[in-house]
Amino acid sequence: MTTATTRLRRLMPAFAVLGAGALVLAGCTGSADSTGGGSTGEFTYFGQTENTTIIGTLESLADGVCSDASGAAPLTADSIPGANWDQQLQLLAGQGALSNMSMAAGTPSLMKEFIENDQVVNLSEELEKLGVADKILPAADSTLKALYDSEDLYALPTELNIEGFWYNKEILEANGVAAPETWSDLVAAAETLKAAGVQPFIAAGQDGWPVTRLVGNYILRDLGPDALQKVADGDASLTDPEYVAGADAVAALGSAGYFGAAPGSIDYTTAMNQFLTGGGAFFYMGSWALGNFNNPEENQIGVENIGFAPFPAVEGGAGDINEVPANAGIPVMFTTQDYTDETAEWLKCVVEGYGDTALEESGVITGFAIDEAPSDLPELTTLVQDTIAGASGSVLWFESAFSPEGTTVSQTNGGGLASGTLSGEEFMQLVQAANEG
(Lines give C-alpha, C1' and ligand atoms only; values in the text may rest on other atoms or scores of the structure.)
Protein backbone atom coordinates (compact mmCIF):
# COMPACT_ATOMS: atom_id res chain seq x y z
CA MET A 1 0.00 0.00 0.00
CA THR A 2 1.46 3.27 -1.03
CA THR A 3 1.85 6.05 1.50
CA ALA A 4 2.28 8.81 -1.08
CA THR A 5 0.18 11.86 -0.37
CA THR A 6 -2.66 11.93 -2.87
CA ARG A 7 -3.47 14.85 -5.09
CA LEU A 8 -5.60 12.89 -7.59
CA ARG A 9 -8.87 14.31 -6.31
CA ARG A 10 -8.23 17.48 -8.28
CA LEU A 11 -7.98 15.37 -11.45
CA MET A 12 -11.24 13.51 -11.26
CA PRO A 13 -12.99 15.78 -13.74
CA ALA A 14 -9.95 15.55 -16.00
CA PHE A 15 -9.86 11.75 -16.09
CA ALA A 16 -11.91 11.83 -19.28
CA VAL A 17 -8.71 12.47 -21.21
CA LEU A 18 -7.84 8.84 -20.52
CA GLY A 19 -10.71 7.52 -22.61
CA ALA A 20 -8.44 6.71 -25.54
CA GLY A 21 -5.08 5.03 -25.71
CA ALA A 22 -3.40 1.71 -25.35
CA LEU A 23 -4.41 -0.63 -22.57
CA VAL A 24 -1.62 -0.91 -20.02
CA LEU A 25 -1.94 -3.78 -17.61
CA ALA A 26 1.50 -3.66 -16.04
CA GLY A 27 1.27 -2.95 -12.34
CA CYS A 28 -2.13 -4.65 -12.11
CA THR A 29 -0.88 -8.04 -11.04
CA GLY A 30 -3.76 -10.15 -9.88
CA SER A 31 -6.37 -7.40 -10.18
CA ALA A 32 -8.78 -9.47 -12.20
CA ASP A 33 -8.37 -12.35 -9.76
CA SER A 34 -7.92 -10.81 -6.33
CA THR A 35 -10.61 -8.21 -6.92
CA GLY A 36 -12.77 -10.21 -9.28
CA GLY A 37 -16.44 -9.80 -8.57
CA GLY A 38 -16.08 -9.87 -4.81
CA SER A 39 -14.66 -13.26 -3.84
CA THR A 40 -16.77 -15.29 -1.42
CA GLY A 41 -16.16 -14.27 2.18
CA GLU A 42 -14.33 -11.04 1.31
CA PHE A 43 -15.20 -7.40 0.73
CA THR A 44 -12.98 -6.27 -2.11
CA TYR A 45 -11.93 -2.71 -2.90
CA PHE A 46 -10.10 -1.59 -6.03
CA GLY A 47 -8.56 1.86 -6.32
CA GLN A 48 -5.70 3.93 -7.64
CA THR A 49 -2.30 3.58 -6.03
CA GLU A 50 -1.87 7.33 -5.76
CA ASN A 51 -4.99 7.77 -3.65
CA THR A 52 -4.35 6.66 -0.08
CA THR A 53 -7.26 8.49 1.55
CA ILE A 54 -10.06 6.12 0.52
CA ILE A 55 -8.30 2.90 1.44
CA GLY A 56 -6.93 4.46 4.62
CA THR A 57 -10.44 5.45 5.67
CA LEU A 58 -11.80 2.00 4.82
CA GLU A 59 -9.08 0.37 6.91
CA SER A 60 -9.94 2.62 9.83
CA LEU A 61 -13.60 1.71 9.46
CA ALA A 62 -12.72 -1.99 9.33
CA ASP A 63 -10.86 -1.67 12.61
CA GLY A 64 -13.56 0.48 14.19
CA VAL A 65 -17.22 1.07 13.51
CA CYS A 66 -17.31 -1.48 10.68
CA SER A 67 -15.64 -4.25 12.64
CA ASP A 68 -18.77 -6.43 12.47
CA ALA A 69 -18.96 -6.07 8.70
CA SER A 70 -15.22 -6.73 8.49
CA GLY A 71 -15.57 -9.84 10.62
CA ALA A 72 -18.16 -11.26 8.25
CA ALA A 73 -16.29 -10.20 5.09
CA PRO A 74 -12.70 -9.01 5.64
CA LEU A 75 -11.53 -6.02 3.62
CA THR A 76 -9.20 -6.95 0.74
CA ALA A 77 -7.73 -4.16 -1.37
CA ASP A 78 -5.92 -3.91 -4.67
CA SER A 79 -4.72 -0.92 -6.68
CA ILE A 80 -3.06 0.19 -9.89
CA PRO A 81 -1.56 3.52 -10.99
CA GLY A 82 -4.24 5.91 -12.20
CA ALA A 83 -2.82 6.62 -15.65
CA ASN A 84 -4.98 3.97 -17.34
CA TRP A 85 -7.82 3.73 -14.87
CA ASP A 86 -10.83 3.75 -17.20
CA GLN A 87 -9.28 1.22 -19.57
CA GLN A 88 -8.66 -1.16 -16.69
CA LEU A 89 -12.22 -0.77 -15.42
CA GLN A 90 -13.51 -1.56 -18.90
CA LEU A 91 -11.40 -4.72 -18.99
CA LEU A 92 -12.60 -5.88 -15.58
CA ALA A 93 -16.22 -5.08 -16.41
CA GLY A 94 -15.96 -7.10 -19.61
CA GLN A 95 -14.62 -10.06 -17.61
CA GLY A 96 -17.29 -9.75 -14.92
CA ALA A 97 -14.44 -9.10 -12.50
CA LEU A 98 -15.20 -5.73 -10.94
CA SER A 99 -14.57 -5.49 -7.22
CA ASN A 100 -17.36 -5.10 -4.69
CA MET A 101 -16.35 -1.44 -4.34
CA SER A 102 -14.18 0.54 -6.75
CA MET A 103 -13.25 4.08 -7.50
CA ALA A 104 -15.76 5.07 -10.18
CA ALA A 105 -14.90 5.55 -13.82
CA GLY A 106 -13.32 8.93 -14.43
CA THR A 107 -15.19 9.49 -17.67
CA PRO A 108 -18.90 10.11 -16.96
CA SER A 109 -19.82 8.45 -20.25
CA LEU A 110 -18.18 5.20 -19.11
CA MET A 111 -20.10 5.29 -15.84
CA LYS A 112 -23.27 5.74 -17.87
CA GLU A 113 -22.39 2.54 -19.75
CA PHE A 114 -21.99 0.67 -16.46
CA ILE A 115 -25.35 2.01 -15.31
CA GLU A 116 -27.11 1.09 -18.57
CA ASN A 117 -25.58 -2.41 -18.43
CA ASP A 118 -26.76 -2.89 -14.82
CA GLN A 119 -23.18 -3.42 -13.64
CA VAL A 120 -23.32 -0.99 -10.72
CA VAL A 121 -25.73 -0.87 -7.79
CA ASN A 122 -28.62 1.59 -7.79
CA LEU A 123 -27.71 3.23 -4.52
CA SER A 124 -30.89 5.30 -4.26
CA GLU A 125 -32.87 2.07 -3.99
CA GLU A 126 -30.34 0.20 -1.86
CA LEU A 127 -29.70 2.96 0.67
CA GLU A 128 -33.45 3.36 1.11
CA LYS A 129 -33.71 -0.36 1.89
CA LEU A 130 -30.84 -0.07 4.36
CA GLY A 131 -32.38 2.96 6.05
CA VAL A 132 -29.41 5.29 5.45
CA ALA A 133 -30.49 7.34 2.44
CA ASP A 134 -30.47 10.48 4.61
CA LYS A 135 -26.71 10.12 5.15
CA ILE A 136 -26.00 11.49 1.66
CA LEU A 137 -25.97 15.30 1.60
CA PRO A 138 -28.47 16.76 -0.89
CA ALA A 139 -25.75 18.78 -2.63
CA ALA A 140 -23.68 15.64 -3.20
CA ASP A 141 -26.71 13.63 -4.27
CA SER A 142 -27.71 16.22 -6.88
CA THR A 143 -24.13 16.64 -8.09
CA LEU A 144 -23.66 12.94 -8.78
CA LYS A 145 -27.08 12.53 -10.37
CA ALA A 146 -26.34 15.45 -12.67
CA LEU A 147 -22.90 14.06 -13.46
CA TYR A 148 -24.35 10.80 -14.74
CA ASP A 149 -27.58 12.37 -16.05
CA SER A 150 -29.60 10.00 -13.88
CA GLU A 151 -32.58 10.25 -11.57
CA ASP A 152 -30.91 7.78 -9.21
CA LEU A 153 -27.62 7.68 -7.31
CA TYR A 154 -24.97 5.23 -8.55
CA ALA A 155 -21.83 6.37 -6.73
CA LEU A 156 -20.89 7.56 -3.26
CA PRO A 157 -19.25 10.96 -2.65
CA THR A 158 -15.93 10.33 -0.89
CA GLU A 159 -15.41 14.08 -1.18
CA LEU A 160 -17.57 17.10 -1.84
CA ASN A 161 -15.52 19.85 -3.40
CA ILE A 162 -16.64 23.33 -4.24
CA GLU A 163 -14.74 25.62 -6.57
CA GLY A 164 -14.25 29.34 -6.75
CA PHE A 165 -11.70 32.12 -6.55
CA TRP A 166 -9.36 31.90 -3.58
CA TYR A 167 -7.58 35.19 -3.09
CA ASN A 168 -4.72 36.79 -1.22
CA LYS A 169 -6.39 39.19 1.24
CA GLU A 170 -3.26 41.25 1.77
CA ILE A 171 -2.75 41.87 -1.95
CA LEU A 172 -6.36 42.90 -2.48
CA GLU A 173 -6.40 45.21 0.53
CA ALA A 174 -3.11 46.84 -0.43
CA ASN A 175 -4.53 47.71 -3.84
CA GLY A 176 -8.02 48.74 -2.74
CA VAL A 177 -9.68 45.77 -4.43
CA ALA A 178 -12.77 44.07 -3.01
CA ALA A 179 -13.76 40.45 -3.56
CA PRO A 180 -15.65 40.49 -6.89
CA GLU A 181 -19.37 39.84 -7.04
CA THR A 182 -19.79 40.30 -10.79
CA TRP A 183 -17.67 39.50 -13.84
CA SER A 184 -17.20 43.23 -14.40
CA ASP A 185 -15.88 43.51 -10.84
CA LEU A 186 -13.40 40.73 -11.59
CA VAL A 187 -12.16 42.35 -14.78
CA ALA A 188 -11.83 45.74 -13.07
CA ALA A 189 -9.90 44.13 -10.22
CA ALA A 190 -7.53 42.50 -12.72
CA GLU A 191 -6.92 45.84 -14.44
CA THR A 192 -6.09 47.52 -11.13
CA LEU A 193 -3.78 44.72 -10.00
CA LYS A 194 -1.85 44.46 -13.26
CA ALA A 195 -1.36 48.23 -13.29
CA ALA A 196 0.16 47.88 -9.82
CA GLY A 197 2.59 45.20 -11.00
CA VAL A 198 0.65 42.29 -9.46
CA GLN A 199 -0.26 39.19 -11.46
CA PRO A 200 -4.06 39.05 -11.20
CA PHE A 201 -4.68 35.34 -11.89
CA ILE A 202 -2.68 32.19 -11.26
CA ALA A 203 -3.68 29.16 -13.32
CA ALA A 204 -2.17 25.84 -14.34
CA GLY A 205 -2.50 26.48 -18.05
CA GLN A 206 -0.43 23.40 -18.83
CA ASP A 207 -3.18 21.24 -17.31
CA GLY A 208 -5.87 23.20 -19.14
CA TRP A 209 -8.83 22.48 -16.89
CA PRO A 210 -8.24 25.39 -14.44
CA VAL A 211 -8.81 27.67 -17.45
CA THR A 212 -11.65 25.79 -19.13
CA ARG A 213 -13.49 25.79 -15.78
CA LEU A 214 -13.74 29.57 -16.17
CA VAL A 215 -15.32 29.19 -19.60
CA GLY A 216 -17.92 26.75 -18.33
CA ASN A 217 -18.77 28.79 -15.27
CA TYR A 218 -19.20 31.98 -17.28
CA ILE A 219 -21.63 30.16 -19.58
CA LEU A 220 -23.59 28.73 -16.64
CA ARG A 221 -23.81 32.12 -14.93
CA ASP A 222 -24.83 33.76 -18.20
CA LEU A 223 -27.19 31.21 -19.78
CA GLY A 224 -28.37 29.23 -16.77
CA PRO A 225 -27.53 25.89 -15.12
CA ASP A 226 -28.82 23.76 -17.99
CA ALA A 227 -26.77 25.48 -20.69
CA LEU A 228 -24.09 22.81 -21.06
CA GLN A 229 -26.60 19.97 -20.87
CA LYS A 230 -28.35 21.55 -23.86
CA VAL A 231 -25.09 21.18 -25.78
CA ALA A 232 -24.80 17.54 -24.73
CA ASP A 233 -28.42 16.93 -25.81
CA GLY A 234 -27.82 18.52 -29.21
CA ASP A 235 -30.16 21.43 -28.54
CA ALA A 236 -27.31 23.96 -28.69
CA SER A 237 -23.75 24.17 -29.95
CA LEU A 238 -20.59 25.54 -28.37
CA THR A 239 -20.17 27.57 -31.54
CA ASP A 240 -23.45 29.43 -30.99
CA PRO A 241 -22.67 33.11 -30.33
CA GLU A 242 -24.01 33.07 -26.77
CA TYR A 243 -21.68 30.18 -25.93
CA VAL A 244 -18.68 31.66 -27.71
CA ALA A 245 -19.18 34.74 -25.52
CA GLY A 246 -18.05 32.72 -22.49
CA ALA A 247 -14.82 31.62 -24.17
CA ASP A 248 -14.28 35.15 -25.48
CA ALA A 249 -14.55 36.54 -21.95
CA VAL A 250 -11.79 34.24 -20.71
CA ALA A 251 -9.67 34.78 -23.84
CA ALA A 252 -9.88 38.52 -23.20
CA LEU A 253 -8.29 37.99 -19.78
CA GLY A 254 -5.50 36.06 -21.46
CA SER A 255 -4.95 38.67 -24.17
CA ALA A 256 -4.64 41.33 -21.46
CA GLY A 257 -1.83 39.34 -19.82
CA TYR A 258 -3.77 38.76 -16.62
CA PHE A 259 -2.54 35.14 -16.30
CA GLY A 260 1.13 36.10 -16.49
CA ALA A 261 3.74 35.75 -19.18
CA ALA A 262 3.58 32.02 -19.98
CA PRO A 263 0.58 30.35 -18.31
CA GLY A 264 0.73 27.41 -20.73
CA SER A 265 3.98 26.29 -19.08
CA ILE A 266 2.56 26.31 -15.52
CA ASP A 267 1.49 22.97 -14.06
CA TYR A 268 -0.69 22.34 -11.02
CA THR A 269 2.11 22.08 -8.47
CA THR A 270 3.81 25.23 -9.73
CA ALA A 271 0.55 27.17 -9.70
CA MET A 272 -0.21 26.09 -6.14
CA ASN A 273 3.26 27.10 -4.99
CA GLN A 274 2.96 30.43 -6.79
CA PHE A 275 -0.25 31.29 -4.95
CA LEU A 276 1.00 30.12 -1.55
CA THR A 277 4.19 32.18 -1.86
CA GLY A 278 2.38 35.40 -2.76
CA GLY A 279 2.93 35.31 -6.52
CA GLY A 280 -0.54 36.43 -7.52
CA ALA A 281 -3.91 37.64 -6.31
CA PHE A 282 -6.61 35.21 -7.49
CA PHE A 283 -6.41 31.42 -7.77
CA TYR A 284 -9.40 29.53 -9.19
CA MET A 285 -9.32 26.13 -7.52
CA GLY A 286 -11.38 23.51 -5.73
CA SER A 287 -11.64 23.01 -2.00
CA TRP A 288 -9.45 19.90 -2.28
CA ALA A 289 -6.63 22.47 -2.01
CA LEU A 290 -7.42 22.92 1.69
CA GLY A 291 -4.75 20.35 2.45
CA ASN A 292 -2.17 22.63 0.83
CA PHE A 293 -3.62 25.79 2.36
CA ASN A 294 -3.60 24.31 5.85
CA ASN A 295 -0.02 23.04 5.54
CA PRO A 296 2.33 25.65 7.05
CA GLU A 297 5.30 24.18 5.19
CA GLU A 298 3.61 24.96 1.87
CA ASN A 299 1.59 28.04 2.76
CA GLN A 300 3.97 30.97 3.09
CA ILE A 301 1.26 33.67 2.98
CA GLY A 302 -0.59 32.31 6.01
CA VAL A 303 -3.94 30.57 6.16
CA GLU A 304 -5.50 33.68 7.71
CA ASN A 305 -4.57 35.59 4.55
CA ILE A 306 -6.66 33.44 2.20
CA GLY A 307 -10.21 34.43 1.29
CA PHE A 308 -12.82 32.79 -0.91
CA ALA A 309 -15.21 34.29 -3.44
CA PRO A 310 -17.78 32.30 -5.44
CA PHE A 311 -17.54 32.49 -9.20
CA PRO A 312 -19.03 35.93 -9.93
CA ALA A 313 -22.38 36.68 -11.49
CA VAL A 314 -22.60 37.71 -15.13
CA GLU A 315 -24.67 40.87 -15.31
CA GLY A 316 -28.10 40.12 -16.75
CA GLY A 317 -27.38 36.40 -16.76
CA ALA A 318 -29.83 33.61 -15.98
CA GLY A 319 -27.50 31.85 -13.53
CA ASP A 320 -27.39 32.20 -9.75
CA ILE A 321 -24.20 33.05 -7.86
CA ASN A 322 -25.41 30.78 -5.04
CA GLU A 323 -25.20 27.76 -7.33
CA VAL A 324 -21.71 26.53 -6.57
CA PRO A 325 -19.46 24.74 -9.05
CA ALA A 326 -18.99 21.38 -7.38
CA ASN A 327 -17.79 17.84 -7.81
CA ALA A 328 -17.70 14.76 -5.65
CA GLY A 329 -13.95 14.29 -5.90
CA ILE A 330 -13.42 10.62 -6.57
CA PRO A 331 -16.76 8.80 -6.26
CA VAL A 332 -16.88 5.10 -5.52
CA MET A 333 -19.25 2.54 -7.02
CA PHE A 334 -20.52 -0.87 -5.93
CA THR A 335 -20.85 -3.67 -8.45
CA THR A 336 -24.06 -5.64 -8.87
CA GLN A 337 -22.20 -8.89 -9.45
CA ASP A 338 -21.83 -10.88 -6.23
CA TYR A 339 -23.69 -8.20 -4.29
CA THR A 340 -24.35 -10.15 -1.10
CA ASP A 341 -25.81 -9.43 2.33
CA GLU A 342 -22.23 -8.99 3.56
CA THR A 343 -21.56 -6.40 0.87
CA ALA A 344 -24.77 -4.61 1.83
CA GLU A 345 -23.57 -4.45 5.45
CA TRP A 346 -20.33 -2.88 4.27
CA LEU A 347 -22.25 -0.39 2.15
CA LYS A 348 -24.43 0.59 5.10
CA CYS A 349 -21.45 1.00 7.39
CA VAL A 350 -19.44 3.02 4.86
CA VAL A 351 -22.34 5.41 4.34
CA GLU A 352 -22.81 5.82 8.09
CA GLY A 353 -19.17 6.16 9.08
CA TYR A 354 -17.05 7.38 6.18
CA GLY A 355 -17.81 11.08 6.54
CA ASP A 356 -16.86 11.38 10.20
CA THR A 357 -13.76 9.21 9.84
CA ALA A 358 -12.41 10.99 6.75
CA LEU A 359 -12.98 14.41 8.29
CA GLU A 360 -11.34 13.50 11.60
CA GLU A 361 -8.37 11.59 10.19
CA SER A 362 -7.70 13.38 6.88
CA GLY A 363 -9.56 16.67 7.11
CA VAL A 364 -11.51 15.69 4.00
CA ILE A 365 -14.99 17.13 3.48
CA THR A 366 -17.18 14.42 1.99
CA GLY A 367 -20.73 14.22 0.69
CA PHE A 368 -21.83 12.24 3.73
CA ALA A 369 -23.70 13.74 6.67
CA ILE A 370 -21.51 14.24 9.73
CA ASP A 371 -22.64 13.05 13.14
CA GLU A 372 -20.08 14.97 15.15
CA ALA A 373 -17.65 17.42 13.59
CA PRO A 374 -14.27 17.90 15.32
CA SER A 375 -14.15 21.03 17.44
CA ASP A 376 -10.79 22.14 16.06
CA LEU A 377 -11.55 22.32 12.33
CA PRO A 378 -9.42 24.84 10.43
CA GLU A 379 -11.17 28.10 9.58
CA LEU A 380 -11.09 27.51 5.82
CA THR A 381 -12.60 24.05 6.26
CA THR A 382 -15.47 25.57 8.21
CA LEU A 383 -15.84 28.21 5.48
CA VAL A 384 -16.24 25.49 2.86
CA GLN A 385 -18.78 23.63 4.98
CA ASP A 386 -20.78 26.81 5.47
CA THR A 387 -20.66 27.56 1.73
CA ILE A 388 -21.96 24.08 0.94
CA ALA A 389 -24.72 24.43 3.53
CA GLY A 390 -25.79 27.79 2.08
CA ALA A 391 -25.69 26.77 -1.58
CA SER A 392 -28.98 26.84 -3.47
CA GLY A 393 -27.68 24.15 -5.82
CA SER A 394 -24.63 23.00 -7.71
CA VAL A 395 -23.35 23.11 -11.27
CA LEU A 396 -20.86 20.86 -13.02
CA TRP A 397 -17.67 21.68 -14.85
CA PHE A 398 -17.28 22.55 -18.52
CA GLU A 399 -16.35 19.08 -19.82
CA SER A 400 -18.64 17.03 -17.56
CA ALA A 401 -20.90 15.92 -20.43
CA PHE A 402 -18.26 15.96 -23.19
CA SER A 403 -16.93 12.94 -25.04
CA PRO A 404 -13.41 11.77 -24.11
CA GLU A 405 -12.16 13.36 -27.33
CA GLY A 406 -13.92 16.62 -26.57
CA THR A 407 -12.45 16.68 -23.08
CA THR A 408 -8.94 16.07 -24.38
CA VAL A 409 -9.18 18.84 -26.98
CA SER A 410 -10.72 21.27 -24.49
CA GLN A 411 -8.10 20.79 -21.81
CA THR A 412 -5.22 20.63 -24.26
CA ASN A 413 -6.20 24.05 -25.60
CA GLY A 414 -7.16 25.71 -22.33
CA GLY A 415 -3.68 27.16 -21.97
CA GLY A 416 -4.11 28.91 -25.33
CA LEU A 417 -7.01 30.91 -23.92
CA ALA A 418 -4.94 31.93 -20.88
CA SER A 419 -1.97 33.00 -23.00
CA GLY A 420 -4.07 34.90 -25.52
CA THR A 421 -2.88 32.79 -28.45
CA LEU A 422 -6.32 31.30 -29.09
CA SER A 423 -9.55 33.22 -29.56
CA GLY A 424 -12.77 32.12 -27.92
CA GLU A 425 -14.30 31.29 -31.29
CA GLU A 426 -11.31 29.18 -32.33
CA PHE A 427 -11.38 27.32 -29.02
CA MET A 428 -15.09 26.54 -29.25
CA GLN A 429 -14.82 25.38 -32.85
CA LEU A 430 -12.08 22.92 -31.89
CA VAL A 431 -14.01 21.52 -28.93
CA GLN A 432 -17.34 21.28 -30.74
CA ALA A 433 -15.72 19.42 -33.64
CA ALA A 434 -14.05 16.98 -31.23
CA ASN A 435 -17.34 16.29 -29.46
CA GLU A 436 -19.07 15.63 -32.76
CA GLY A 437 -16.25 13.47 -34.07
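Residues numbered from 1 in each chain as written. Predicted model: local features only at pLDDT ≥ 70, side-chain atom pairs only at ≥ 80, totals over all residues. Heavy atoms only, no water.

**Examining the layout of surface pockets**
And step 1. Of the volumes computed, that of the second largest pocket is approximately 260 Å³.
And step 2. If you go around the second largest pocket, you meet 16 residues; those closest to its centre are Ala-146, Pro-225, Gln-229, Leu-396 and Ser-400.
And step 3. Breaking the lining of the second largest pocket down by element, the ones donating at least two residues are helix H7 (138–147), helix H11 (227–232) and strand E10 (393–395).
And step 4. Per element, the largest residue contribution to the lining of the second largest pocket is three residues, and it comes from H7.
And step 5. Here the residues of the lining of the second largest pocket sort into nine nonpolar, four polar and three charged. (1 Å grid on protein atoms, 1.4 Å probe; cavity = no way out; pocket = protein on both sides within 12 Å on 5 of 7 lines; lining within 4 Å. Points joined across faces, edges and corners; volume = space filled by probe spheres on them. Helix = DSSP H or I, 4+ residues; strand = E, 2+ residues; numbered from the N terminus. Nonpolar A, V, L, I, M, F, W, Y, C, P; charged D, E, K, R; others polar.)

**Here's the deal with unusual backbone geometry**
With the exception of glycine, the majority of residues adopt a negative phi angle, and the majority of peptide bonds are in the trans configuration.
And step 1. The phi dihedral of Asp-149 falls on the positive side, at around 50 degrees, and the residue is not glycine.
And step 2. Here Asp-149 lies in the loop between H7 and strand E4 (161–168).
And step 3. Here the phi dihedral of Asp-338 falls at roughly 60 degrees; this positive angle occurs in a residue that is not glycine.
And step 4. By the element assignment, Asp-338 lies in the loop between strand E9 (332–334) and helix H15 (341–362).

**With respect to the state of the cysteines**
Disulfide: a covalent bond formed between the sulfur atoms of two cysteine residues.
And step 1. Taken as a whole and assessed by the stated rule, the structure comprises one disulfide.
And step 2. Disulfide partner of Cys-66: Cys-349, at an S-S distance of 1.9 Å. With the S-S bond torsion at -110 degrees, the cross-link from Cys-66 to Cys-349 turns out left-handed. One end of the pair, Cys-66, is in the loop between helix H2 (53–63) and helix H3 (67–72); the other, Cys-349, is in helix H15, and 283 residues separate them in sequence. Judged on exposure class, the residue Cys-66 and its partner Cys-349 are both buried. (Disulfide = S-S within 2.5 Å. Buried < 20%, exposed > 50% of the residue type's maximum accessible area, 1.4 Å probe, protein only.)

**Concerning the confidence of the model for the protein**
And step 1. In this model, the protein carries an average pLDDT of 89, and 91% of its residues clear a pLDDT of 70 or more.
And step 2. Low pLDDT, under 50, characterises residues 1–39; the stretch is placed with 110 contacts to residues that sit more than four places away or in other chains. (pLDDT = per-residue confidence, 0-100. Contact = heavy atoms within 4.5 Å.)

**Regarding H15**
And step 1. When the terminal C-alpha atoms of H15 are compared, their 29 Å separation across 22 residues agrees well with the 32 Å that a helix rising 1.5 Å per residue should span.
And step 2. At Gly-353, H15 shows its maximal bend, which comes to roughly 45 degrees.
And step 3. One or two residues past the end of H15 sits Gly-363, with phi positive at roughly 70 degrees. (Expected span 1.5 Å × (residues − 1). Bend = angle between axes of the 7 residues up to and from the residue.)

**Details of the pattern of salt bridges**
Once their charged atoms are close, side chains differing in charge can pair, the charge on each being opposite to the other.
And step 1. Using the criterion set out here, one finds six salt bridges in the structure.
And step 2. Linking Arg-213 and Glu-163 is a salt bridge whose minimum nitrogen-to-oxygen distance equals 3.0 Å. Within this pair, whereas Arg-213 is found in helix H10 (residues 209–223), its partner Glu-163 is found in strand E4, the two being separated by 50 residues in sequence. There is no split in this pair, since Arg-213 and Glu-163 are both buried. (Salt bridge = Lys/Arg side-chain N within 4 Å of Asp/Glu carboxyl O.)

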